[in-house]
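Structural overview for review
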Protein chains: 2
Amino acid sequence: MAAPHSPSSLSRYLDGEFWKIRDNLREGISNCELFHYDLSLDQIRDLTADRLHYAMKLPLMQRHLTDQVKESWVQKFSILCFFSPLFYLYINLQNLAFTGMFALTERGHGSNARGILTEAHYEPATQEFIIHTPCEDAQKMYIGNAMKGHYAAVFAQLIIKGEPHGPHCFIVPIRDQHGVMWPGVTAFDMRHKEGLHGVDNGILIFDHVRIPRENLLDKFGSVSADGKYSSRIRSKGTRFNAMIAALTPTRLALTVQAMAAMKLGLIIAVRYSHSRRQFGPKDQDEVKIIEHQTQYLRLMPHLATSLALTFTVRYAARLMDDALSQGQDLQSNRPLQALVAGLKAYSTWANVVCLQECRECTGGMGFMMENRIPSLKCDSDVFVTFEGDNMVMLQVVVRELMTQYTKQFEDSIVTGMIRNWSSSASDRIRTSFLGFSVDKVGDLSFLLKALSYRERVLQRSLAARLYAKVMNITLSLSTSFDCPSFLNIAKSLLVTLEQFALAVQECQVKDDQDLLSKFCLLHGTSLVYQERAWYLEHNYLSPGASRQIRNQLLELCRSVKDDALKVVADFNFPSCCIQAPIAGVVNPRAEWGFYPLSESPVSQSHAQQRAMSKL
Amino acid sequence: MAAPHSPSSLSRYLDGEFWKIRDNLREGISNCELFHYDLSLDQIRDLTADRLHYAMKLPLMQRHLTDQVKESWVQKFSILCFFSPLFYLYINLQNLAFTGMFALTERGHGSNARGILTEAHYEPATQEFIIHTPCEDAQKMYIGNAMKGHYAAVFAQLIIKGEPHGPHCFIVPIRDQHGVMWPGVTAFDMRHKEGLHGVDNGILIFDHVRIPRENLLDKFGSVSADGKYSSRIRSKGTRFNAMIAALTPTRLALTVQAMAAMKLGLIIAVRYSHSRRQFGPKDQDEVKIIEHQTQYLRLMPHLATSLALTFTVRYAARLMDDALSQGQDLQSNRPLQALVAGLKAYSTWANVVCLQECRECTGGMGFMMENRIPSLKCDSDVFVTFEGDNMVMLQVVVRELMTQYTKQFEDSIVTGMIRNWSSSASDRIRTSFLGFSVDKVGDLSFLLKALSYRERVLQRSLAARLYAKVMNITLSLSTSFDCPSFLNIAKSLLVTLEQFALAVQECQVKDDQDLLSKFCLLHGTSLVYQERAWYLEHNYLSPGASRQIRNQLLELCRSVKDDALKVVADFNFPSCCIQAPIAGVVNPRAEWGFYPLSESPVSQSHAQQRAMSKL
């Protein structure tokens, strides 16, 4: 592998303020050869551990781990995402002498985590908690690292003298450094999954496991030696939500992970589409498949989305850094929680659709393991249902807002919701400089307004429904088909377009700005196109304008199909992370699959091509 | 495994006229224990061969193989689909002493198969063809059974005395019964794929391989001993299309396969949704997840689609049987080719979306291999791009119509297309008896008219465009975004609704008819809902009617969610084929995942439940 080349201005802009750290990490992992796809379950798990050790031993990571200030880690280390789909797990590990696991989900309670059944009885005589699994449904399930890890953060119902105090988190030893199990703890391997084979998911069962009183994580509630419970948060529900707010950074990391999977899939599909030829005019050379309308129409909107997510994740990460550096608890920052929950759902679903299109657009080659798309698909498929099921999570956020409402004046829900979500960036965006098309629907300002309008209408509709049932809230998921989940998604869509537009505005290099501007307009057009039925139903778009949106989508996709090669080059992924022969990366185990990169429009890619040809 | 129980009336109706044969096959495979998911590539391939032998040795199959009349095999043997995703491959094998392979695709030519580069030079002196791979792009790729098979049907450009005659098909020996390779033949293993691990896909390379003159399959063109070429079809293109028409039965079998995968996924997801509980009213038991609107709204439309496909496949299979029994060549039956091509694209895409929803609706459990959905997804993913890439194939059908047109009067294209596609069943359907809702959009007749309208408009629009460019046709895929492919899909959608409606009409058991009627209306509503943007754009639906369609969709999904349990029971899949612990089938290797079946509304399911509890 050749040394990393000098990045282009766009590549640096996409990296953002921590580009030096990211370049340093790129260089570190560029020499790693720990990539395989044809191993047994045990071998894959060992390989994953090796890669984890490799990454953690990079000088930069070592410095970060000994550093007291951990801020901005999402922005700094997200580059490791394309090194492994488990980045978001790694990053929580901190050191490898002892490893941990997070034990919330039970057999009987996944999405409805508040209903977990594991018990933690306090015994004043010994000043110990007794952690116990009272029934099959209380078994801790899908626990990552369960077969190797040393400690578990176990969520259990705290019970003192028969009185329940709701779920709390306890540190429970699982096994010592020699692998000997802690008394009363049993761990089972759940073995084969669709993907993420590098992580062992297991079941933990506790048979009256004794742990010292100090092992209760007491940020939200503590127990005195003689068994007195105290907490600064009175409501059990609110207390649990505060604990669960700790998942917010993990959810953001998952968004980064989904975005990285999208980018990898797109790098592979776009490069292949620019080298593979099929069909063409009679008696002439066949054309590159990217020239076919069906091909660029399927790929280009996802490329625009991946760019939009780049800037949106950065925005969310900054908000989180700001909150943490100001000593704010994340649980009190509901707008940030809602933003991250919405982004998690939007990005992980976008990833599933994107990778499916990448698979189909690369035909039989995309079905071959050496071309990476299958494992990307299988690994990232679970993102949509874990760390908070997308469907449920979107509704939980809105439910939280409803719960908050019951404590306030009845008519404040509308203003409350608007206050929570009014940090919209729309006002700050000058859109005139972006408008290059001749008519209304082609203006970015129109697209921003359309998304914003939809969000407001859904908000009003939800508020009206809440009014109607507010004194007798039945918190059933069944009541909430379109509004809450669509509202949260609608908000996420708007944020991605806003942040993309701001990034275009702030871009200093004219050529890069022009390029990003086209993709930004494409992203907005694609978002409105997808929801055109809603806009037509609400008379926001006329039938003619809707058809115009479709034509605009076609034209924009066509206009960026050649730029796509530059964009995927500027994602700047080390080729050892791309791996796929159809993306121009030689794989000695699948030589037949190699497709050389086509001549690309920018010198950047030439350099990369040369570097790869030396492999 | 208990003996198969007596099927319900609905189950028998879904089986159709060959229900006895299907029941016999069910019984045969019910005792097969050849199911595993955690094997090496070689082990999976061996297991697949074992399953193949097992199925082929069933008395009924033996009788079929020795029988001279092979008709109706799709209808008779499609039951084996849930025994293996490779049914459609099995069925072509006929006997197992020698096995074959189909070698059309090359490295350089997949979708554009007409451009293959493998050469077959005729040598009059020896009366042999010399099969040769002149370059890397001419290597035969993805060839199933390449590592074990004995003979290959190889497509190559026939060349006589330097003159090319277009692609023809030759029988080429690959290896003898001891595995010794035929001189000049090389086979490579392509090894790891996303799924279909039971089939070895390989690369075949020919180095001046000599075969006797008789090995040319001469139905469409023959060569005399002294090297004179003759064919009853003059045009090379037409001749190639005639050869490719042989793929029509395989494409129909693939539709059956996709439908079986959908049904399996739905059996698993529906049963789990009826036993798994999560969330619920305060201080009460949690509710079954099927009660959540988000859950039934995601699953029920697919269940309706799988029923519609059941009847549509039967219709297409009968058309094919009729054609074959009347001695018709399939290549001259363009409407049947178009129907099957459209069904293949529609059903395989529907399957991908359906299985993804099943995966998400079963949460983490759906990600576990023992619950079958992951392997169903990975196996059937390739269906959308092989045996004719969905996107390309839809366009090829229309292109064929365009080519035909150039030979006819200029103004005949419209009438020609309408003639080809005018065998619509709409006229024959009495819809009044189905209409149970109070307003227009709730009538099945309205839904049928809507789908039919869309097809006609797309047809007209395509015809108009053809007029404009007819004397100078550039057959580029780029010219054809929405119209041809959407037209073909639109036609397929209409056919599925028509055939479903006819099946409802012909159903003799009142209760079954009522049940099917609800699902039929749901299918139509769902189809129009998905395309409501188009209808709004064309002023066919008013904004109010469009919103009504959505409400109707919600209401219909809610109304059938409990019936779903009966429907999936009446699919009548042996539990050894279902396998999934979350569907109530015990798996000793994943005991933790077992969810007992819930009390079901029909005795049928009780019987099945009891049968399963004895496992």
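Once a new chain begins, its residue numbering starts again from 1 and follows that chain's sequence as written. The order in which chains are written sets their letters, starting at A; the order in which ligands are written sets their numbers, starting at 1. Local features in this predicted model are restricted to residues of pLDDT 70 or higher, and side-chain atom pairs are both shown and tallied only at a pLDDT of 80 or more, whereas totals for entire chains, interfaces and linings draw on every residue. Values shown for side chains rest on all heavy atoms present in the structure; no hydrogens or waters enter the calculation.

Looking at an unreviewed UniProt entry, one finds chain A named Acyl-CoA oxidase like and attributed to Astyanax mexicanus. UniProt positions are given in the numbering used here, feature names are shortened, and annotations may be inferred rather than shown by experiment. For chain A, the Sequence similarities (unreviewed entry) comment in UniProt is given as "Belongs to the acyl-CoA oxidase family." Check the Cofactor (unreviewed entry) section of the UniProt entry for chain A; it says "FAD".

Attention now goes to the sheet that holds strand E7 (residues 185–189) of chain B. Note: strands within a sheet are paired through backbone hydrogen bonds, in either parallel or antiparallel orientation. Residue and element names in this part refer to chain B. Only strands joined by at least two bridges in the DSSP assignment are considered to pair. A run of H or I in DSSP counts as a helix once it spans at least four residues, and a run of E counts as a strand once it spans at least two, with each numbered from the N terminus. The 3 strands lie next to each other as E4-E8-E7, forming an open sheet whose pairing is antiparallel. The sheet is open, and its two borders are formed by strand E4 (140–144) and E7, each paired with just one other strand. Along the sheet, successive strands turn relative to each other by an average axial angle of 35°, direction set aside. Examined bridge by bridge, E7 and strand E8 (residues 201–206) share 5 bridges and lie antiparallel to one another. Directly across from Thr 186, in E8, lies its bridge partner Ile 205. The axes used here are C-alpha line fits, helices contributing only the stretch in contact, and every angle between their N-to-C directions lies in the interval 0 to 180 degrees.

With that out of the way, let us pick up the nonpolar core. By nonpolar core is meant a set of buried Ala, Val, Leu, Ile, Met, Phe, Trp, Tyr and Cys residues that side-chain atoms within 4.5 Å join together. When a residue's accessible area, from a 1.4 Å probe over protein chains only, is under 20% of the maximum for its type it is buried; when over 50% it is exposed; and in between it is partly exposed. Ranked by internal contacts, the top residues of the largest apolar core, which has 241 residues, are A:Met300, A:Phe519, B:Met300 and B:Phe519. Contacts between residues were defined by any pair of non-hydrogen atoms, one from each residue, lying within 4.5 Å. Other than its neighbours up to four places away in sequence, A:Phe519 contacts A:Leu303, A:Ala304, A:Leu307, A:Phe500, A:Val560, A:Asp563, A:Ala564 and A:Val567.

Take the side chain of A:Lys344 next. Residues and elements named next belong to chain A. Tracing the chain through its elements places Lys 344 in helix H10 (residues 334–361). Positive charges come from Lys and Arg alone, negative charges from Asp and Glu alone, with His and the N- and C-terminal ends not counted. Salt-bridge detection follows one rule: a side-chain nitrogen of Lys or Arg within 4 Å of a carboxyl oxygen of Asp or Glu. This buried residue, Lys 344, is left without a salt bridge; Asp 389 holds the nearest opposite charge, at 7.0 Å. Polar contacts, as counted here, are pairs of nitrogen or oxygen atoms within 3.5 Å of one another; within protein the pair requires one atom able to donate a hydrogen and one able to accept it, and residues that are adjacent in sequence qualify only if both atoms are side-chain atoms. Polar contacts involving the side chain of Lys 344 include one to the main-chain carbonyl oxygen of Phe 386, which spans 2.9 Å.

For the rest of this paragraph, the subject is the pattern of salt bridges. Summed over the entire model, instances satisfying the criterion amount to 48 salt bridges over all chains. Among the salt bridges present, the one from A:Lys148 reaches A:Asp46, with a minimum N-O distance of 3.6 Å. With A:Lys148 in the loop between strand E4 (140–144) and strand E5 (151–160) and A:Asp46 in helix H3 (residues 41–56), the pair connects residues that are 102 residues apart, well separated along the chain. Here A:Asp46 falls in the partly exposed class, since its relative accessible area comes to 41%. Of the charged contacts, one joins B:Arg298 and B:Glu360 as a salt bridge, the two residues approaching to 2.4 Å between their closest N and O atoms.

Time to look at the domain arrangement of chain A. Residue and element names in this part refer to chain A. Domains are outlined according to an automatic or database domain assignment. You can read the domains of chain A as domain 1 (10–70), domain 2 (99–232) and domain 3 (243–410 + 444–570). In this assembly, 5 residues from domain 1 lie in contact with 8 residues from domain 2. Summed over both partners, the accessible area lost on bringing two parts together, with a 1.4 Å probe, is the buried area. Here domain 1 packs against domain 2, burying approximately 610 Å² in sum over the two surfaces, 53% of which is carbon and sulfur. Taken as a group, Leu 41, Ile 44 and Arg 45 account for 81% of the area that domain 1 buries against domain 2, more than any other trio of residues on that side. Inspection of the region where domain 1 meets domain 2 yields 2 salt bridges. Summed over the shared surface of domain 1 and domain 2, the number is 1 residue pair in polar contact (both at pLDDT 80 or more). Taken together, the residues of the side of domain 1 that touches domain 2 sort by class into 2 nonpolar, 1 polar and 2 charged. Gly counts as polar in this scheme, as do all residues outside two lists: the nonpolar Ala, Val, Leu, Ile, Met, Phe, Trp, Tyr, Cys and Pro, and the charged Asp, Glu, Lys and Arg.

All names here are of chain A. The phi torsion at Phe 279 lies on the positive side, around 65°, for a residue other than glycine. Of the residues examined, Phe 279 reaches a relative accessible area of 6% and is grouped as buried. The phi angle at Glu 387 is positive, at roughly 55°, despite the residue not being glycine. Position of Glu 387 among the secondary structure elements: in the loop between helix H11 (373–380) and helix H12 (390–406).

What follows concerns the packing of aromatic side chains. Geometry of an aromatic ring pair is reported as the spacing of the ring centres plus the angle between the planes. Working definition: rings of Phe, Tyr and Trp (its six-membered ring) pair if their centres are within 6.5 Å, and the pair is stacked with planes under 30 degrees apart, edge-to-face with planes over 60 apart, and tilted otherwise. Tallied over the entire structure, the rule returns 25 aromatic pairs over all chains. Taken together, a centroid distance of 5.1 Å and an interplanar angle of 55° make the contact between B:Tyr122 and B:Phe129 tilted. A residue is classified by how much of its surface remains accessible, and B:Tyr122, at 6% relative accessible area, is buried. Overall, the relative accessible area of 0% leaves B:Phe129 in the buried class. Taken together, the ring pairs connect A:Phe446, A:Tyr453, A:Trp534, A:Tyr535 and A:Tyr540 into an aromatic cluster.

Our focus in this paragraph is the UniProt feature "domain: Acyl-CoA oxidase/dehydrogenase middle" (unreviewed entry) in chain A. UniProt annotation of "domain: Acyl-CoA oxidase/dehydrogenase middle" (unreviewed entry) refers to residues 102–209 of chain A when read in the numbering used here. Secondary structure over residues 102–209 of chain A splits into 0% helix and 46% strand, and the C-alpha atoms at its two ends are 17 Å apart.

Here the focus is the pairing of strand E1 (residues 100–103) of chain A. Residues and elements named next belong to chain A. Here E1 shows a buried face lined by Met 101 and Ala 103 and an unburied face lined by Gly 100 and Phe 102. The pairing of E1 with E5 spans 4 bridges and is parallel. From the neighbouring strand, Met 101 faces E5, where its bridge partner is Ala 152.

Our next topic: the sheet that holds strand E8 (residues 201–206) of chain A. Residue and element names in this part refer to chain A. Strand order in the open sheet formed by 3 strands is E4-E8-E7, with antiparallel pairing between adjacent strands. Where the open sheet ends on each side, the last strands, each with one partner, are E4 and strand E7 (185–189). Averaged over neighbouring strand pairs, the angle between their axes works out to 35° when direction is ignored.

To continue, consider the relation of the copies chain A and chain B. Least squares is the method for superposing the copies, and the C-alpha atoms it fits come from residues with pLDDT of at least 70 in both. The transformation that overlays chain A on chain B combines an axial shift of 0.0 Å with a rotation of 180°, and the residual RMSD is 0.0 Å. Viewed as a symmetry operation, the transformation between the two copies matches a two-fold axis. Proximity to the rotation axis, assessed at the C-alpha, singles out A:Ala533 in chain A; its C-alpha lies 2.1 Å from the axis. Taken together, the interface assignments show that 100% of the residues at the interface of chain A recur at the interface of chain B, consistent with an identical surface on both copies.

With that settled, the discussion passes to the environment of A:Gly363. Turning to its location among the elements, A:Gly363 is positioned in the loop between H10 and H11. Note: C-alpha distance between A:Gly363 and A:Ala269 (94 residues apart in sequence) is 9.9 Å.

Right, let's talk about the interface of chain A and chain B for a bit. Counting residues at the interface gives 72 residues for chain A and 72 residues for chain B. Here chain A meets chain B over a buried area of about 6,800 Å², counting both sides, of which 56% is carbon and sulfur. Here chain A and chain B share 8 salt bridges between them. Here B:Glu194 makes a salt bridge to A:Lys377, at a shortest N to O gap of 3.1 Å. Where chain A touches chain B, the interface holds 42 residue pairs in polar contact (both at pLDDT 80 or more). Elements with a minimum of two residues in the side of chain A that touches chain B: E4, helix H9 (293–325), H10, H11, H12, helix H17 (532–537) and helix H18 (543–560) of chain A. Along the lines of polarity and charge, the residues of the side of chain A that touches chain B split into 28 nonpolar, 21 polar and 23 charged.

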